[in-house]
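Summary of the model geometry
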Amino acid sequence: MAQQFIEALPHARALGLRLTDIGKGSATIAMPYSEALIGDPETGVIHGGAVSAMMDTCCGAAVMSHPSSPGATATIGLRIDYMRAATPGQTVTTTATCYHVTRNVAFVRAVTMDEDPDRPVATAAGSFTVESR
């Protein structure tokens, strides 16, 4: 269901998002570098809005894949901490984990990386709706 969810989102298609892994409460999405996503033409750095949209989408996919949370979801709140700019020319990847689900709310953590595995681009913590059963 998470794969269909991502494929149906116009912004996911525009950003070139690819679901590369999905598990029980986890998801990984890759966004290839594209000149169309540059926020600063002088540096070639991807716009932070593209990164945040990828992180939000990945968190939603993690919630949808959690065994306790089948069904649709929506973002309640998402805090993103940007640590550095993604390196121009590199694919960025977000991995999200849904670590706790209540009757109405799912809690998620995510990290976004470029090709440097030791330095995150951004981290996120969020809450998402859980569809009533």
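The preceding data block contains the structure.
First things first, this report covers the structure right here in the doc. (Residues numbered from 1 in each chain as written. Predicted model: local features only at pLDDT ≥ 70, side-chain atom pairs only at ≥ 80, totals over all residues. Heavy atoms only, no water.)

1. Examining the overall build of the chain
Counting its regular elements, the chain contains three helices and eight strands. Its helices and strands taken in sequence order, the chain reads α-α-β-β-β-β-α-β-β-β-β from the N to the C terminus. Since a compact globule built from 133 residues should have a radius of gyration of about 14 Å, the 14 Å found for the chain is in line with a globular shape. With the C-alpha coordinates of the chain rotated into their principal frame, the extents come out at 50 × 25 × 20 Å. In the chain, which comprises 133 residues, the share counted as buried stands at 41%. Taking contacts inside the chain between residues at least 6 apart in sequence as the whole, the part at least 24 apart equals 61%. For the chain, the computed accessible surface area is about 6,700 Å², with 53% contributed by carbon and sulfur atoms. In the chain, 9 side chains carry a positive charge and 12 a negative one; their mean positions are 12 Å apart. (Helix = DSSP H or I, 4+ residues; strand = E, 2+ residues; numbered from the N terminus. Rg over C-alpha atoms; globule rule 2.2 N^0.38 Å. Buried < 20%, exposed > 50% of the residue type's maximum accessible area, 1.4 Å probe, protein only. Contact = heavy atoms within 4.5 Å. Areas by Shrake-Rupley, 256 points an atom, 1.4 Å probe, with all protein chains shown as cover. Lys, Arg positive; Asp, Glu negative; His and termini not counted. Charge placed at Lys NZ, Arg CZ, Asp CG, Glu CD.)

2. Brief notes about the packing of aromatic side chains
Within this structure, the stated rule accounts for zero aromatic pairs. Across the ring face of Y99, the terminal group of R109 is positioned such that the distance to the ring centre comes to 3.7 Å. (Phe/Tyr/Trp six-rings, centres within 6.5 Å; stacked < 30°, edge-to-face > 60°. Lys NZ or Arg CZ within 6 Å of the ring centre and 35° of its normal.)

3. Some thoughts on the pattern of salt bridges
Counted according to the given criterion, the structure contains three salt bridges. Measuring nitrogen to oxygen at the nearest pair gives 2.6 Å for the salt bridge that ties R84 to D114. With R84 in the loop between β5 (75–82) and β6 (92–101) and D114 in the loop between β7 (105–113) and β8 (122–129), the pair connects residues that are 30 residues apart, well separated along the chain. Residues R84 and D114 agree in their burial class; the two are buried. A salt bridge links R119 to D116; its shortest N-O distance comes to 3.4 Å. (Salt bridge = Lys/Arg side-chain N within 4 Å of Asp/Glu carboxyl O.)

4. Focus: helix α3 (residues 48–65)
For α3, which comprises 18 residues, the first-to-last C-alpha distance of 26 Å matches the rise-based estimate of 26 Å (1.5 Å per residue) to within 8%. Along α3, 13 of the 18 residues are buried, which leaves the element largely enclosed by surrounding structure. (Expected span 1.5 Å × (residues − 1).)

5. Digging into the state of the cysteines
Tallied over the entire structure, the rule returns zero disulfides. With no disulfide partner, C98 has as its closest neighbouring cysteine sulfur the one in C59, 9.2 Å distant. Under the relative-accessibility criterion, C98 is labelled buried at 5%. (Disulfide = S-S within 2.5 Å.)

6. Notes on the sheet that holds β5
Within a sheet, neighbouring strands are paired by backbone hydrogen bonds and run either parallel or antiparallel to one another. The antiparallel open sheet is built from six strands, whose spatial order is β1-β2-β6-β7-β8-β5. At either margin of the open sheet sits one strand with a lone partner, and together these are β1 (18–23) and β5. The average angle at which neighbouring strand axes cross in this sheet is 15 degrees, direction not considered. Judged from the eight bridges that link them, β6 and β7 form a sheet pairing that is antiparallel. (Pairing = 2+ DSSP bridges. Axes fitted to C-alpha atoms, helices over the stretch in contact; angles between N-to-C directions.)

7. As for the side chain of D114
With relative accessibility at 9%, the residue D114 sits in the buried group. Only 2.9 Å separates the side chain of D114 from the side chain of T87, close enough to count as a polar contact. (Polar contact = N/O pair within 3.5 Å; in protein donor to acceptor, adjacent residues only side chain to side chain.)

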